[in-house]
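Coordinate inspection notes
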Amino acid sequence: MPKDLRSWLKDLKNRIPGEPLTVSREVQPTRFEVSAILHKLEERGKLEAVLFKKVASVKGAPTKFQLLSHAFTTHSKLAVSWDQEISQRAALFENYLEISKQRHPTSVVGSSEAPVKEVIIDEASLDLADLPIMRHNAQDGGPYLTPVVVTRDPDKKRYNTSWNRMMYIDSHHMAIYMSPRHLWTYFQEAESRGKPLPIGVVLGHHMGFMLSASALTHLEDDEYEVAGGLLGQSLRVVPSETYGDRLLIPADAEAVIEGEIVPQKRTIEGPFGEFAGLIGAQRVSWLFRARAISRRRQPIMHCVFGAHLDHLNAHFPIEASIFQRAKQAIPGVKDVCWLSSGGPFHLVISMQKKTEGEPMRAAMAAMSASNFIKHVIVVDADIDPGDAKAVMWAVASCCQADSDMTILNNIQGQLLDPSLKEETRGSGMVIDATRPLDRAYPPKATVPEEILQRIQLEKYIET
């Protein structure tokens, strides 16, 4: 059976009792009602996925859509996305990296076999305000979609998938922000020829497909095939209504907006709450024109909750790639924590150090994997890099500022970092908080493990 968002939800219910939470009362996503509910749940530590059964459009009218969010808030949900039982961070890294090597060629199907083709809305009839587009944070420039965008290399058959925030403008237009990566490269090539770049805006699919858009791939990789590898089966695709075989879209998606990034035109986009937890600046971005919408009769739209944990953890495949880069440099690397350690600008590495100097090599390898990282703390293998208290104990007890802290000048920073004084150039820091090997060092104070195993508190404490 083809994998889709409905099969993911079914697996989620079977694997994790109590997921997803459901909200049956109608909500207005454009009026921050969805955001307020998700924010309150996160504050209380309730990190279940949330399925809103009745959601209103930008116009305030009822829609055929449901809305799913908080799909990435826990490692156990990420594991469901790759059909794994693992929930521990390092083990999930290893497993993800293994399955991410797999490739499955796409399977082209006809429109009659594609659930996404159940309802077709042509350019003359569509109005983007009929969609339940969410406003995330108070300072956002407008309602935002957080979709996976799919497109094809203008010169080749290679497909690219990427997360791109898209701000609603009017019935047929949205602003799209593109980082200078693959999608941006393709548009630059199309625009140099005076042509638009056709894209598909995927509003929901199996989370294995959605997360594939975060994978750090080579420019020559066909990311539809990468998605198939993560799904464990070929991604089914179907010719688009507007562009036919020139743009194949995921056949089992919930809804896809077809259209194009317009050449020689720009628009104002933002501000928007980014995954660093900060409001990204308003900027001149690119203009998208909608040409058609293909969807299911009762579609489920997926929305990442911007600037919150859900948004942060959508970047887990990047965290796994950082882990891989550090481990390739120093095999003694046991675990990393990027996203929940104060990320995305901060990384903690735990490692089994064999010689002095290895912590710096591991840190430099990790920093080379992503320009988000500016601070790296390296700790010993017995420290959980996700335990801030333990990490700070290591810094306090193992580190001298004059010898164990290294400042790196003139490194590439990240546009989302508000502390940058120049547009992209900044500085970084590596803290070696591992115990030294070249001199005697006191061991940690611990109670004998065999006694801890034997003593059961309930036999000794009166209640």
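Let us look at the structure shown here.

Rules used throughout
- Residues numbered from 1 in each chain as written.
- Predicted model: local features only at pLDDT ≥ 70, side-chain atom pairs only at ≥ 80, totals over all residues.
- Heavy atoms only, no water.
- Phe/Tyr/Trp six-rings, centres within 6.5 Å; stacked < 30°, edge-to-face > 60°.
- Helix = DSSP H or I, 4+ residues; strand = E, 2+ residues; numbered from the N terminus.
- Buried < 20%, exposed > 50% of the residue type's maximum accessible area, 1.4 Å probe, protein only.
- Lys NZ or Arg CZ within 6 Å of the ring centre and 35° of its normal.
- Contact = heavy atoms within 4.5 Å.
- Pairing = 2+ DSSP bridges.
- Arc of directions from axis to C-beta.
- Polar contact = N/O pair within 3.5 Å; in protein donor to acceptor, adjacent residues only side chain to side chain.

Another point: the packing of aromatic side chains. Going through the model one piece at a time under the given rule, you end up with eleven aromatic pairs. For the pair Phe72 and Trp163, a centre-to-centre distance of 6.2 Å together with 85° between the ring planes defines the contact as edge-to-face. Highlighted residues: Phe72 in the loop between strand E3 (66-69) and helix H3 (75-81) and Trp163 in strand E8 (residues 159-163), separated in sequence by 91 residues. The buried category is assigned to Phe72, whose relative accessible area is 0%. Ring plane angle 75° and centroid distance 6.2 Å describe the contact between Phe275 and Trp338, whose orientation is recorded as edge-to-face. Taken together, the residues span a long stretch of sequence, with Phe275 in the loop between strand E15 (272-273) and strand E16 (279-280) and Trp338 in the loop between strand E19 (333-337) and strand E20 (346-351) at a distance of 63 residues. Neither Phe275 nor Trp338 differs from the other in exposure class; each is buried. An aromatic cluster of at least three residues, connected via ring pairs, comprises Trp82, Phe93, Tyr96, Phe316 and Phe323. For Lys374, the ring lying beneath its charged end belongs to Phe345, and the centroid distance is 5.3 Å.

Another aspect to go through is the side chain of Ser321. By the element assignment, Ser321 lies in helix H9 (residues 316-329). The contacts of Ser321, once residues within four sequence positions are left out, are Leu97 and Leu216.

Another aspect to go through is the sheet that holds strand E4 (residues 107-108). An order of E4-E12-E13 is seen for the three strands of this open sheet, with the pairing classed as mixed. Pairing within the sheet leaves two strands with one partner each, and these edge strands are E4 and strand E13 (244-250). When strand E12 (residues 236-240) meets E13, the two strands line up antiparallel, connected through four bridges. Looking across to E13, one finds that Val237 is bridged to Pro250.

The next thing to look at is helix H1 (residues 5-15). Those residues of H1 not exposed but buried are Leu5, Trp8, Leu9 and Leu12. Along the axis of H1, the buried residues cluster in a sector spanning 100°; they form a single face. Summarising the geometry of H1, the exposed residues directed more than 90 degrees from the buried face are Lys10 and Asn14. Among the structural elements, E3, H3, helix H6 (207-212) and strand E18 (300-302) are those in contact with the buried residues of H1. A side-chain oxygen of the first residue of H1 lies 3.1 Å from the backbone nitrogen of Arg6; this N-cap is Asp4.

Now for helix H11 (residues 388-398). Within H11, the full set of buried residues consists of Ala390, Val391, Ala394, Val395 and Cys398. Taken around the axis of H11, the buried residues stretch over an arc of 140°, which confines them to a single face. Exposed positions of H11 whose direction lies more than 90 degrees from the buried face are Ala388, Lys389 and Ala396. Packing partners of the buried residues in H11 comprise E20, strand E21 (375-380), helix H12 (401-404) and strand E23 (425-432). For H11, the N-terminal capping position is held by Asp387, with its side-chain oxygen 3.1 Å away from the main-chain nitrogen of Lys389.

Shape descriptors only; they carry no functional weight alone.
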